[in-house]
Amino acid sequence: LGQLFTDYVHPEDHERAGATFARLATEAQVGGEYRFVARDGQVRWQGVRAARLPDGRVLGLCHEITSVKQDAEDAATRAEQIHAMLDEVHRLSKIVESLTLLTKADSGMVAMERSPLALDDLVRESLEDAAALADGRGIRVELGRCEPIRVLGDRHRLRQLLLNLADNAVKYCLPGGTVVFMAEK
């Protein structure tokens, strides 16, 4: 014996625990959650509450919360894993959808509407989409040279193609980078 409970506080929690208990000089009660290193070397979480008694003594109570903390950490990890899996499923679904469309188009099963349209207008619209996607990510989106270009094509499919390009450009651009949209003959 002859050791204080603070001798068992995990080294990474020493400063925080010390600050909490220093507040007992001015506050009647303090508390927090800290890691303690048991005599067997295992790290356990403890909920700690302490109160300053009128005669100056300190009354403390510790209760183990290791399983509660582990459950919360496990839940957060599971939530991150599920989110990552859903992102991957969404990405793969888009790939399958695109490949299905290409296969159908190659076999003549999809009627592509062919009408005259201004490709440069679609590029400008895609610029707005990319700017919305880049918002808050530290990525600049700019319009470079954009010549008037008339094409015969399916407006919906071309718009879909440009949106996919905009999404990829923003997704794979490093923060601080720039995505430039251009249309040249």
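Everything that follows concerns the structure shown earlier in this document.
1. As for the overall build of the protein chain
(1) Moving on: The number of helices and strands found in the protein chain is four helices and seven strands.
(2) Moving on: The C-alpha atoms of the protein chain give a radius of gyration of 30 Å, which is well past the 16 Å a tight globule of 185 residues would have.
(3) Moving on: Each principal axis of the C-alpha atoms in the protein chain carries an extent, and together these give about 90 × 35 × 25 Å.
(4) Moving on: The 185 residues of the protein chain split such that 24% are buried.
(5) Moving on: When contacts within the protein chain are restricted to residue pairs at least 6 apart in sequence, those whose partners lie at least 24 apart make up 58%.
(6) Moving on: Entry remark: accessible area of the protein chain is about 13,100 Å², with carbon and sulfur atoms responsible for 57%.

2. Details of the environment of Ile95
(1) Moving on: One can find Ile95 in helix α2 (residues 66–106).
(2) Moving on: Between the C-alpha atom of Ile95 and that of Arg35, which follows or precedes it by 60 residues, the distance is 46 Å.

3. Quick look at the sheet that holds strand β3 (residues 58–64)
(1) Moving on: Read from one edge of the open sheet, three strands run β1-β2-β3, paired in antiparallel fashion. Since the sheet does not close on itself, it has two edges, and those belong to β1 (29–37) and β3, each with one partner. Neighbour-to-neighbour, the strand axes of the sheet open up by a mean angle of 25 degrees, direction not taken into account.
(2) Moving on: Bridge count for β1 against strand β2 (residues 43–52) is nine bridges, and the pairing is antiparallel.

4. Things to note about the side chain of Ser126
(1) Moving on: In this fold, Ser126 is placed in helix α3 (residues 119–134).
(2) Moving on: The class of Ser126 is buried, set by a relative accessible area of 0%.

5. What about the nonpolar core?
(1) Moving on: By size, the foremost hydrophobic cluster in this structure holds 16 residues, and its most contacted members are Val123, Ala130, Ile139, Val170, Val179, Phe181 and Ala183.
(2) Moving on: Looking at which element gives the most residues to this core, the answer is α3, with five residues.
(3) Moving on: Once residues within four sequence positions are removed from consideration, Val179 is found in contact with Ile139, Arg140, Val141, Glu142, Ala169, Val170 and Cys173.
(4) Moving on: Formed by nine residues, the second largest nonpolar core is a distinct cluster that contains Val9, Val30, Tyr34 and Ala50.

6. Quick notes on helix α1 (residues 14–22)
(1) Moving on: Within α1 the residues assigned to the buried category are Ala17, Thr20 and Phe21. Here the buried residues of α1 occupy an arc of 90 degrees about the axis, which is enough to place them on one side. For α1, the exposed residues set more than 90 degrees away from the buried face come down to Glu15 and Ala22.
(2) Moving on: Considering only its buried residues, α1 is in contact with β1 and β2.

7. Section: the packing of aromatic side chains
(1) Moving on: Across all of its chains, the model carries zero aromatic pairs by this definition.
(2) Moving on: Note that Lys69 overlies the ring of Trp45, its terminal NZ or CZ placed 4.4 Å from the centroid.

8. So, the state of the cysteines
(1) Moving on: Taken as a whole, this structure holds zero disulfides when the rule is applied.
(2) Moving on: Here Cys146 stays free of any disulfide, with the sulfur of Cys173 as its closest cysteine sulfur at 19 Å.
(3) Moving on: Residue class for Cys173 comes out buried when judged on its relative accessible area of 16%.

9. Observations regarding the side chain of Asp167
(1) Moving on: Along the chain, the position of Asp167 falls in helix α4 (residues 155–171).
(2) Moving on: Residue classification places Asp167 among the buried positions, given a relative accessible area of 17%.
(3) Moving on: Sequence-distant contacts of Asp167, defined by excluding residues within four places in its chain, comprise Lys94 and Leu133.

Each value, and the rule that gives it
Residues numbered from 1 in each chain as written. Predicted model: local features only at pLDDT ≥ 70, side-chain atom pairs only at ≥ 80, totals over all residues. Heavy atoms only, no water. Helix = DSSP H or I, 4+ residues; strand = E, 2+ residues; numbered from the N terminus. Rg over C-alpha atoms; globule rule 2.2 N^0.38 Å. Buried < 20%, exposed > 50% of the residue type's maximum accessible area, 1.4 Å probe, protein only. Contact = heavy atoms within 4.5 Å. Areas by Shrake-Rupley, 256 points an atom, 1.4 Å probe, with all protein chains shown as cover. Pairing = 2+ DSSP bridges. Axes fitted to C-alpha atoms, helices over the stretch in contact; angles between N-to-C directions. Core = buried A, V, L, I, M, F, W, Y, C linked by side-chain atoms within 4.5 Å. Arc of directions from axis to C-beta. Phe/Tyr/Trp six-rings, centres within 6.5 Å; stacked < 30°, edge-to-face > 60°. Lys NZ or Arg CZ within 6 Å of the ring centre and 35° of its normal. Disulfide = S-S within 2.5 Å.

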